[in-house]
Amino acid sequence: MFTSHSLRRGWQRCLAGVAALALAGSMATSPAQAATSEAPASENVLRIATDGFIDSFNPFTSFYLVPTNTFRYMYENLVANDAKDGSITEGLATEWNTDSEGKVWTYTIRPDMKWSDGEPLTSKDVAWTYNQMMEKEEMAVANGSLVENFDKVEAPDDGTVKITLKKPQANNPGQEIPVVPEHVWSKIDKPGEFKNDEKSVGSGPFQLESYEANKSITLKANPNFWRGKPKLDEIQYRYYTNSDAQVQAIRSGEVDFITGLSPDQFTALENADNVELNEGNGRRFNGISINPGVADAKGKEFGTGNEALGDKKVRQAIRAGIDTETLRKQVMQDYAQPATSFIPAVYPDWALKSDNSVISGFDVAEAKKLLDDAGWKEGSGGIREKDGEKLQLRFLTDADAPIEQSTAKFLKPWMKDIGIDLKNESSDVDTVSERTTKGDYDMYFSGWSINPDPDYQLSINTCGQRPDADGNGGTSQDGWCNKEFDKLYQAQHVELDQAKRQDLVQKAQAIHYEEAPSVTLWYPNQLEAYRSDRFDNFTKQPSDGGAIANQVGYWGYSSVEPVSEEEATGGGMGAGGWIGIAAAVIVVLGGGGWLLSRRKKSDDRE
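A brief report on the enclosed structure follows.

About the cut-offs
Residues numbered from 1 in each chain as written. Predicted model: local features only at pLDDT ≥ 70, side-chain atom pairs only at ≥ 80, totals over all residues. Heavy atoms only, no water. Helix = DSSP H or I, 4+ residues; strand = E, 2+ residues; numbered from the N terminus. Buried < 20%, exposed > 50% of the residue type's maximum accessible area, 1.4 Å probe, protein only. Areas by Shrake-Rupley, 256 points an atom, 1.4 Å probe, with all protein chains shown as cover. Pairing = 2+ DSSP bridges. Axes fitted to C-alpha atoms, helices over the stretch in contact; angles between N-to-C directions. Contact = heavy atoms within 4.5 Å. Polar contact = N/O pair within 3.5 Å; in protein donor to acceptor, adjacent residues only side chain to side chain. 1 Å grid on protein atoms, 1.4 Å probe; cavity = no way out; pocket = protein on both sides within 12 Å on 5 of 7 lines; lining within 4 Å. Points joined across faces, edges and corners; volume = space filled by probe spheres on them. Nonpolar A, V, L, I, M, F, W, Y, C, P; charged D, E, K, R; others polar. Core = buried A, V, L, I, M, F, W, Y, C linked by side-chain atoms within 4.5 Å.

### Quick notes on the overall build of the protein chain
Moving on, step 1. Helix and strand counts for the protein chain stand at 17 helices and 28 strands.
Moving on, step 2. Evaluated residue by residue, the protein chain yields a buried proportion of 57% over its 606 residues.
Moving on, step 3. Split by element, the accessible area of the protein chain, about 23900 Å² in all, is 46% carbon and sulfur.

If you want it as C-alpha cells, here you go:
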C-alpha cells in the first residue's frame, strides 16, 4: 500500500440561487454539523472545492495550476521531489548517475511497472516522451525549456534511459517532465490539440476519469501504481461560484478539503465543527507586474504600455513608493512571508538574500528623486509631467479578488504621494487575461508557484521565452528581456558546483530586482481546511510546516485515508450513521447551479 511517504481564473455565475436547504428530520441527540451535512457518494471519495481554470489536461501544453497539479497525480517523472524537503528522490527511476562532465545522465528504471491500463511501462516510454518534446514544437509548449539542453535520449534496454546533454547541466534533467505512454499518445493525430480530458492512462496514483467544464473533475485510484493503490477510491474536484461558497461548503460537509483561503476566511473557520486548519509555508509569490515595453521573442513590440515604464528609473520609483510591509500586514493579515524576488523563502538556498545590496525597499524620498532623474517633474495637482504629458498609469485587477482590490486601494494614494496618477481598472478575469496577453496594461496583480529547482522560473524570464501578442510561443513572467540576465541563466544552467550555481542565481535575481519589471509583494502562506470527521493522514510538503495542496509531487492526497467511525464520532454513532439519518441537504447546482463563464487569474498559473 501507499504508505512509505506520509507524504488566470474563471468564475462561475450561478444561473439560479446557490443552495436551498431542506432538512428532512434530525435526531435530538445528533450533532449540529452532522444535521447539515450532505451525504458523500462514498466514504472513500475525497471532495475538493475549486474555482481553478482548466484549458486542457494535456501535459505538453497546459501550465495552469489545477491541471498541472492533476498531472502530478497522473504521470510520474523520472525523478520526484521528496515530501520532506523537496529534494530529489526516486520516481520511475530507482537510481541515476552522471559522468564526470555532467553531460551524460544514466537512469535505472524500476522493473515490472505497469501503466494504469495494464500495459508494461519501460524506458522506451520515457525516451519516446522526451524525443517528442525535442522534435515537435507543439509538444514543447509547457515544458520545452526543460529539454532545450538535450542532445539525444536513448533507451538501450527496457530498464535504462540515457540522456546526453549539449552542455553540462546542474539540475537533474529527469525532473518535472510528465512521462506518457507511447502506446496511447503515438496514435493521436494532433497531440498538441489533444484535450486528454477523460479516462487517461498514466503511471501516477490517480487517473483522470472524467471532466465536466465548470462542474467537476473526477480522478480514480490507479490499481497499478508502483507504490500500491491509494486508500482513496476517488478524488472529486467540485466547482463553486466563489471562495465564500467554498467556505460554506466545508462548514456544511459538502466538500472535504479547500485551499487558497483568504486570511478572513481562514480566521472565520477557526472554531468550525469538525474542520481542521493548515497554515502551510507556500511556494508562491504575489507581485505587481510592470509593463517594461513588451515585445515578442524577436523583439517586435506590441501592446499599449505607457512609454514611461520603459525607463527603469520609473519602475524603480514605483517599487520605492510601495510599502510592502504594510501591505503584508494589512492586506494579508500577516499570513504571508516578507519577499525579495520571485523565488520564495521556502527555498532558502535560492531565494534572493534579504541583505543583498540591491534591495532598496520603501522610500518615498528616493521614489521622488528617481522620477526627478527620469525627467518627470511635479506639475499641477502634484502629478508629474514630462513633455506636456501627465504621468498616468493603469493598474489592472480582478474585481472578484478581495486581496487584489485591497492592494489597489493602498496603491492609489501611495502613487499619488510620489506624483503618479494611478487609475485602478477592475475587471473580470477573462478581460484581465486577454489584456495582459496583448500587452494592453501598465501594471497588473500577478503570481506564480515555484518549484524546488529555480531553473524553470529563471528560464521564463529570458528573452527567448517571450510570446507574441496572441500568446503564441513561450511563457514569460513579466514580458521582460535582459541580455545579462540571459547570460546568468545559461551559466547557472550548466554550473555543477552548487555554491557557484547559487551565486549565479542570486546575481540573476539581483538584476531582475534592479531592473524592476515587477515588484514582489509577499510569499503567501497557503491557508487550507479539511473535514477531520471524514479524512486524515494528509501529507504536507515540506513535512515541517508545509502545504497539502499544490505540491511538487503527489504526496498531499495519496496518503489520505478515511477516519474510522469511532474516530469520526469520538465513540458515538459513526459518520455513515449520522449522514444516513440526518443529511437532507438539497444543493441546487444543476442547470443553474453551475457556472456560465471561466476566466484566468494570477492564482491559476503554475
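After presenting the structure, the write-up continues.
### Details of the sheet that holds strand β5 (residues 93-98)
Moving on, step 1. Read from one edge of the open sheet, 4 strands run β5-β6-β10-β9, paired in antiparallel fashion. Of all strands in the sheet, those bounded by a partner on one side alone are β5 and β9 (150-157). Taken over all neighbouring pairs, the strand axes of this sheet differ in orientation by 20 degrees on average, direction set aside.
Moving on, step 2. Sheet topology note: the strand β6 (residues 104-109)/strand β10 (residues 160-165) ladder contains 5 bridges and is antiparallel. Across the sheet, the residue bridging to W105 is I163, located in β10.
Moving on, step 3. Relative to β9, helix α3 (residues 123-135) is tilted by about 160 degrees, and along the sheet it contacts β6, β9 and β10.

### Looking at the environment of R466
Moving on, step 1. Residue position: R466 is located in the loop between α12 (455-459) and α13 (483-494).
Moving on, step 2. Sequence separation between R466 and D296 is 170 residues, and the spatial gap between their C-alpha atoms is 5.2 Å.
Moving on, step 3. If near-sequence neighbours (up to four positions away) are discounted, R466 is found in contact with A295, D296, A297, G299, G474, S476, G479, W480 and C481.
Moving on, step 4. At 3.0 Å, the side chain of R466 and the backbone oxygen of C463 are in polar contact.

### Section: the sheet that holds strand β19 (residues 384-386)
Moving on, step 1. Pairing in this open sheet of 3 strands is antiparallel, and the strands run β18-β19-β20 from one edge to the other. Only two strands of the sheet have a single partner each, and these edge strands are β18 (377-378) and β20 (389-390).

### Remarks on empty space enclosed by the protein
Moving on, step 1. Of the pockets and cavities examined, the largest cavity occupies roughly 490 Å³.
Moving on, step 2. If you trace the largest cavity, you find 35 residues lining it, with R72, N143, E176, I177 and N451 closest to the centre.
Moving on, step 3. At the level of elements, α2 (65-74), β3 (79-81) and α12 are the ones that each hand at least two residues to the lining of the largest cavity.
Moving on, step 4. Residues of the lining of the largest cavity, tallied by class, amount to 16 nonpolar, 13 polar and 6 charged.

### Focus on the pairing of strand β23 (residues 443-449)
Moving on, step 1. With respect to burial, β23 is a largely interior element, 7 of its 7 residues being buried.
Moving on, step 2. The alternating pattern of β23 places M443, F445, G447 and S449 and Y444, S446 and W448 on opposite faces, both of which are buried.
Moving on, step 3. As paired strands, strand β21 (residues 392-398) and β23 are joined by 2 bridges and run parallel to one another. Within β23, the residue paired with F395 across the bridge is M443.

### Quick look at the nonpolar core
Moving on, step 1. In terms of nonpolar packing, the biggest core is built from 59 residues, with L78, Y130, I163, I217, F538 and Y557 touching the most fellow members.
Moving on, step 2. The element best represented in this core is α3, accounting for 5 residues.
Moving on, step 3. If sequence neighbours within four positions are ignored, L78 has contacts with G91, L92, A93, Y107, I109, V126, Y130, V161, I163 and G174.

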